[in-house]
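Chain by chain, the residues:
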Amino acid sequence: MREFGRAVKFLLFSISAGLIQIGSFALMNELLHWPYWICYLVALVLSVLWNFTLNRKFTFRSAANVPIAMLKVAAYYAVFTPLSTLLEHVLTDSLLWNEYLVTGINMVLNFLTEFLYQRFFVFGKSIDTAKKENLDETHTD
């Protein structure tokens, strides 16, 4: 049951990160009229930082070294981003699949692979190592 709960938390935080990515992309694209790649990259970084921070603290409750954990997540995205971009290109441009269907497939692949990557590689040895008092924002006198 504990792992199911982790998966549900990860899903909810991933949805919130997706909303941050879409919202920040739209703001930069529509209001600032920045080039597409800058909007995409900044929005992706914001969503990854949001997702990482919430999942480290609440989903995996890890006291792991934050810079090292962040580098591991960056390594994941250094592989996932070009591969998913290539997959999206092949499926939409070569095989003429619907762009929204392919984006949905990539989002599901990202969710599944990132959860497993963070669960077993990034936080695997440090799950539930953060002290409860460090996680709670309320203090008792």
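Our subject is the structure listed above.
Presented here is an overview of the structure given in this document.

Conventions we followed
Residues numbered from 1 in each chain as written. Predicted model: local features only at pLDDT ≥ 70, side-chain atom pairs only at ≥ 80, totals over all residues. Heavy atoms only, no water. Helix = DSSP H or I, 4+ residues; strand = E, 2+ residues; numbered from the N terminus. Polar contact = N/O pair within 3.5 Å; in protein donor to acceptor, adjacent residues only side chain to side chain. Contact = heavy atoms within 4.5 Å. Core = buried A, V, L, I, M, F, W, Y, C linked by side-chain atoms within 4.5 Å. Buried < 20%, exposed > 50% of the residue type's maximum accessible area, 1.4 Å probe, protein only. Expected span 1.5 Å × (residues − 1). Phe/Tyr/Trp six-rings, centres within 6.5 Å; stacked < 30°, edge-to-face > 60°. Lys NZ or Arg CZ within 6 Å of the ring centre and 35° of its normal.

**So, the side chain of Ser-16**
Its location among the elements puts Ser-16 in helix α1 (residues 2-32). From its side chain, Ser-16 meets the backbone oxygen of Phe-13 in a polar contact 2.7 Å long. Ignoring anything within four residues of it in the chain, the contact list for Ser-16 reads Trp-50 and Leu-54.

**Remarks on the nonpolar core**
Counting 16 residues, the largest nonpolar core has Phe-60, Val-73, Tyr-77, Val-122 and Phe-123 as its most contacted members. When residues in this core are grouped by element, the largest group, five residues, is from helix α3 (residues 66-94). Excluding residues that lie within four positions of it along the chain, Tyr-77 makes contacts with Leu-44, Val-48, Pro-82, Asn-110 and Glu-114.

**Points about α1**
Compared with the 45 Å implied by 1.5 Å per residue over 31 residues, the 43 Å span of α1 between its first and last C-alpha is a close match. Regarding α1, the residues found buried are Arg-6, Phe-10, Phe-13, Ser-14, Ser-16, Ala-17, Gly-18, Ser-24 and Met-28. In this fold, the buried residues of α1 make contact with α2 (36-59) and α4 (99-122). Positive phi appears at His-33, one or two residues downstream of α1, with a value of about 55°.

**A look at the packing of aromatic side chains**
Counted under the stated rule, the structure contains 14 aromatic pairs. Between Tyr-117 and Phe-121 the ring centres are 5.2 Å apart and the planes differ by 45°, which places this aromatic pair in the tilted class. Remark: Phe-121 and Tyr-117 occur in helix α4; sequence separation between them is four residues, near one turn of the helix. We classify Phe-121 as partly exposed; its relative accessible area is 46%. Grouping aromatic residues by their ring pairs yields a cluster made of Phe-10, Phe-52, Phe-60, Phe-111, Phe-115 and Phe-123. Positioned above the aromatic ring of Phe-121, the side-chain terminus of Lys-72 is 4.8 Å from the ring centre.

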